[in-house]
Amino acid sequence: MRYNERELLSLARQPAEKAAEVLMRVPKKGSVLKKRLVKLVVNFLFYFRTDEAEPIGALLLEHCKITKEEENVFSISFLEEPERKYRFECDSEEQCQEWIEALKRASYEFMRRSLIFYRNEIQKMTGKDPLEQYGISEEARFQLGTPKQ
Amino acid sequence: MKLNERSLAFYATCDSPADNAGFLYKRGERHTAYHRRWFVLKGNMLFYFEERESREPVGVIVLEGCTVELCDSAEAFAFAIRFGGAKSRTYVLAAESQAAMESWVKSLSRASFDYMRLVVRELEKQLEEMHSGTAGGRGGCQVAPTSWKQKPSGPERSPERLPALPAVLPKENGCAVWNNAPGGDPPLDTCCGGDNSEGSPPTLPPRRRASSSEAGSAGAAVAESPSTFCWLHERYGRAVAQLRKEWLERQPGPRL
């Protein structure tokens, strides 16, 4: 699949929501745990060799499942292949939990759901659509399907 | 750079609703001929397929950081997706009608994750002000247009803090599934203050500035409990999932 690599590389250089050195294993036959720098930027998780400026790869965090494995360990898998897990070993259980929380919230779809909920709540409380002032009430991506006034 | 292409392809073709979809002409990189492709916009990813029925996209344009402009082109209804870098490619696309062009320009220019995040934070702030603020925050509240920049917490705000949540996360994995069936009830009895009556949304935790830590720095900027948000989101998500289900059932035909 073609993609705009230059822009993705540029994204990888931006300030991260979260970044850390962890041990990572990709779901490939024979692969082993390797020390990696992982960096969460918008809905991508980039992973780098610890001494390199350019990422080895990126995971788009949509339709994925974040699972707590054993102590200090979590995994990322994707809906269509739930047994194929990217494994991450953290330095501490606390760090592990922080990553799980951050990754669960990292998807565009998660944010969309939050937005729709907040919009609805505000509308219920005030009778006004909070998106109107920004001129985006009609945007397809913000629709819930409640009947329009 | 490796990408999780299989998952990307799945995301592109699964039946989660697209934010926009339709035929567009895409100008080639080296040659100026236009090729008609089927485009699907989901979130901040613009996928394009050779045919509408193709099982896998030919490619994807990651839209983060782009600007969308109208184009002066011999081709009618043309517009461009531009990126900031010096050597960045500009994607020139053309729609088949004025209406289609406007629809695409609108949806693409607001497709970024950053934009969505700004809107969410703004609404979050408004909701929080209504809950934790004075009675003046309710009823006929003036939702004055605020700047997108984050403002520091006002001194009059008294954010209510939730008691510590149990360490066990809600049964349902809070994953980013469009059709995620709501899971077990979160442990309501062990958290939240007395004002969390049934039917009203839980009190929002205090807001924090997003951490923009550089690589290597500890994630120390988490002032609010992350598990609070995740739990809250799960609870919120149920209503949304239900409403969405009802809405989908009411739709006459396949949604664009």
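Numbering of residues starts from 1 in every chain and runs along the sequence as written. Chain letters and ligand numbers both follow the written order, the letters beginning at A and the numbers at 1. Confidence filtering applies because this is a predicted model: local features only for residues at pLDDT of at least 70, side-chain atom pairs given and counted only at 80 or more, and all residues used for totals across whole chains, interfaces and linings. Where side-chain values are given, they derive from all heavy atoms of the structure, hydrogens and water being excluded.

A. Structural context of the environment of B:Glu96. All names here are of chain B. Think of it this way: any DSSP run of H or I at least four residues long counts as a helix, any run of E at least two long counts as a strand, and we number them from the N terminus. Along the chain, Glu96 turns up in the loop between β8 (91-94) and α2 (98-109). The buried label applies to any residue whose accessible area, calculated with a 1.4 Å probe on protein chains only, is under 20% of its type's maximum; exposed applies above 50%, and partly exposed to all values in between. With a relative accessible area of 39%, Glu96 lands in the partly exposed category. Taking the C-alpha atoms as reference, Glu96 lies 7.6 Å from Phe23; in sequence the two are 73 residues apart. Whether two residues are in contact is decided by their heavy atoms: any pair within 4.5 Å suffices. Excluding residues that lie within four positions of it along the chain, Glu96 makes contacts with Phe23, Tyr25, Arg36 and Phe77. Here a polar contact is taken to be a pair of N or O atoms separated by no more than 3.5 Å, where protein atoms must pair a possible hydrogen donor with a possible acceptor and residues adjacent in sequence count only if both atoms sit in side chains. Here Tyr25 takes part through its side chain, which lies 3.5 Å from a polar atom of the side chain of Glu96. Looking at Glu96, its side chain comes within polar contact range of the side chain of Arg36, at 2.9 Å.

B. Seen up close, the confidence of the model for chain B. Residues and elements named next belong to chain B. Across chain B, the average pLDDT comes to 68, with 52% of residues at or above 70. The predictor rates its confidence in each residue with pLDDT, a number between 0 and 100. Within chain B, the element-level pLDDT minimum falls on helix α4 (residues 226-250), averaging 56, and the maximum on strand β4 (residues 45-49), averaging 97. Of the regions scoring below 50 in pLDDT, residues 208-228 engages in 40 contacts with residues more than four places distant in sequence or in other chains. The ipTM assigned to the predicted complex is 0.91, against a pTM of 0.69.

C. Fine view of the sheet that holds strand β5 (residues 59-62) of chain B. Strand order across the open sheet formed by eight strands is β1(A)-β5(B)-β4(B)-β3(B)-β2(B)-β8(B)-β7(B)-β6(B), with mixed pairing between neighbours. Each edge of the open sheet is held by one strand with a lone partner, namely β1 (2-3) of chain A together with β6 (67-70) of chain B. If DSSP finds at least two bridges between two strands, the strands pair.

D. Local environment of the nonpolar core. Membership of the largest hydrophobic core comes to 46 residues, with the highest contact counts inside it found for A:Leu8, A:Phe44, A:Phe46, A:Leu115, B:Met45 and B:Phe47. Broken down by element, this core gets its largest block of residues, eight residues, from helix α3 (residues 113-132) of chain B. In this view, A:Leu8 contacts A:Tyr3, A:Phe44, A:Phe46, B:Met1, B:Leu3 and B:Val62; residues no more than four positions away in its chain are not counted. Throughout, nonpolar core names a set of buried Ala, Val, Leu, Ile, Met, Phe, Trp, Tyr and Cys residues whose side chains join them through atoms within 4.5 Å. Ranked by size, the runner-up nonpolar core spans 24 residues in total, among them A:Ala20, A:Met24, A:Val38 and A:Phe78.

E. Here's a closer look at unusual backbone geometry. All names here are of chain A. Even without being glycine, His63 reaches a positive phi, approximately 55 degrees. Even without being a glycine, Asn72 presents a positive backbone phi close to 70 degrees. Here Asn72 is to be found in the loop between β6 (64-68) and β7 (73-78).

F. Up close: the sheet that holds strand β5 (residues 57-60) of chain A. If you trace the eight strands from one edge of the open sheet to the other, you get β6(A)-β7(A)-β8(A)-β2(A)-β3(A)-β4(A)-β5(A)-β1(B), paired in mixed fashion. Both edges of this open sheet fall to β6 of chain A together with β1 (2-3) of chain B, since each of them pairs with a single strand only. Taken together, the five bridges between β6(A) and β7(A) define a ladder with antiparallel strand orientation. When the bridges of β7(A) are listed, A:Cys64 appears paired with A:Phe78. Sheet strands in contact with helix α2 (residues 93-104) of chain A are β2 (18-25), β3 (34-41), β4 (44-49), β6 and β7 of chain A, and its direction is about 160 degrees off that of β6(A). Axis lines are fitted through C-alpha atoms, for helices just across the contact stretch, and the angle between N-to-C directions can take any value from 0 to 180 degrees.

G. Local environment of the pairing of strand β8 (residues 81-89) of chain A. All names here are of chain A. The pairing of β2 with β8 spans three bridges and is antiparallel. Opposite Leu23, over in β8, you have Glu89 as the bridge partner. Connecting the antiparallel pair β7 and β8 is a turn made up of two residues.

H. Layout of the packing of aromatic side chains. In this analysis, rings of Phe, Tyr and Trp, with Trp reduced to its six-membered ring, are considered paired at centre separations within 6.5 Å, and the interplanar angle assigns stacked below 30 degrees, edge-to-face beyond 60, and tilted for intermediate values. Scanning the entire structure with this criterion turns up eight aromatic pairs over all chains. Aromatic side chains B:Phe23 and B:Trp38 sit 4.9 Å apart centroid to centroid with 70 degrees between the ring planes, which places their arrangement in the edge-to-face category. Of this pair, B:Phe23 sits in strand β2 (residues 20-27) while B:Trp38 sits in strand β3 (residues 34-42); the two residues are 15 residues apart in sequence, bridging distant segments of the chain. By relative accessible area, which is 9% here, B:Trp38 ends up buried. Centre to centre, the rings of B:Phe83 and B:Tyr91 are 6.5 Å apart; their planes meet at 80 degrees, and the pair counts as edge-to-face. The lysine or arginine in question, A:Lys18, covers the ring of A:Trp99, its NZ or CZ lying 5.4 Å from the ring centre. Two conditions define a charge located above a ring, namely a distance within 6 Å from the ring centre to NZ of Lys or CZ of Arg, and an angle within 35 degrees of the ring normal. If you follow B:Arg36 out to its NZ or CZ, it ends over the ring of B:Phe23, 3.8 Å from the centre.

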